[in-house]
Amino acid sequence: KYGFPSNFSGTGIMGNNGGHEYNISASFNNISSAQLNQIIAISQVYEATDYDLQYNNCSDFAMDVLNIVGTSANNSGSFDSPNNVASILSNLPNHTSAGNAPQTYRTCP
């Protein structure tokens, strides 16, 4: 609502993108419960802090998750873009070039 170009930051939210189109994806089938807990925790941190186009954006979140699952994303606090994330994902052997995200069938709020 108050995003770019009128504002570079705003309230952070985590949304359900089930069924939405994507350009690149990668599967990580064997993450540990500890890694899942870290991903959930970092999701809560991002949701509770302001979104900032330069330093706290969706690409920063993706880079943090990649680091948690053991893919070195070298998230150095500099501007991370969707192209940075796509470049890392495209070099993984388990990537998919395009498609639609799976629907979410969760029962929790």
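Anyway, here's the lowdown on the structure attached to this text.

About the cut-offs
Residues numbered from 1 in each chain as written. Predicted model: local features only at pLDDT ≥ 70, side-chain atom pairs only at ≥ 80, totals over all residues. Heavy atoms only, no water. Helix = DSSP H or I, 4+ residues; strand = E, 2+ residues; numbered from the N terminus. Contact = heavy atoms within 4.5 Å. Areas by Shrake-Rupley, 256 points an atom, 1.4 Å probe, with all protein chains shown as cover. Core = buried A, V, L, I, M, F, W, Y, C linked by side-chain atoms within 4.5 Å. Buried < 20%, exposed > 50% of the residue type's maximum accessible area, 1.4 Å probe, protein only. Patch = residues over 30% accessible without salt bridge, like charges linked within 9 Å, V, L, I, M, F, W, Y side chains within 5 Å. Salt bridge = Lys/Arg side-chain N within 4 Å of Asp/Glu carboxyl O. Polar contact = N/O pair within 3.5 Å; in protein donor to acceptor, adjacent residues only side chain to side chain.

**With respect to the overall build of the chain**
Counting secondary structure elements, the chain contains 3 helices and 6 strands. For the chain, the α and β elements follow one another from N to C terminus as β-β-β-α-β-α-α-β-β. Restricting the contact set of the chain to residue pairs at least 6 apart, pairs at least 24 apart contribute 65%. Per element, the accessible surface of the chain, about 7,700 Å² overall, is 52% carbon and sulfur.

**Topic: the nonpolar core**
Ranked by size, the top nonpolar core spans 7 residues in total: Ala26, Met63, Leu66, Val85, Ile88, Leu89 and Leu92. Of all the elements in the fold, those that place two or more residues in this core are α2 (58-68) and α3 (82-90). For this core, the element with the highest residue contribution is α3, accounting for 3 residues. In terms of nonpolar packing, the next biggest core, distinct from the first, is built from 6 residues, Ile39, Tyr46, Phe61 and Ile68 among them.

**With respect to a nonpolar patch on the surface**
Taken together, the side chains of Phe28, Ile31, Leu36 and Ile40 make up a nonpolar region of the molecular surface, amounting to roughly 300 Å² of accessible area. For Ile40, the position within the fold is in helix α1 (residues 33-48). What makes Ile40 partly exposed here is its relative accessible area of 39%.

**Quick look at the side chain of Asn57**
Relative to the helices and strands, Asn57 is located in the loop between β4 (50-52) and α2. Classification of Asn57 as buried rests on a relative accessible area of 3%. Engagement of the side chain of Asn57 in a polar contact is seen with the backbone nitrogen of Ser59, the distance being 2.8 Å.

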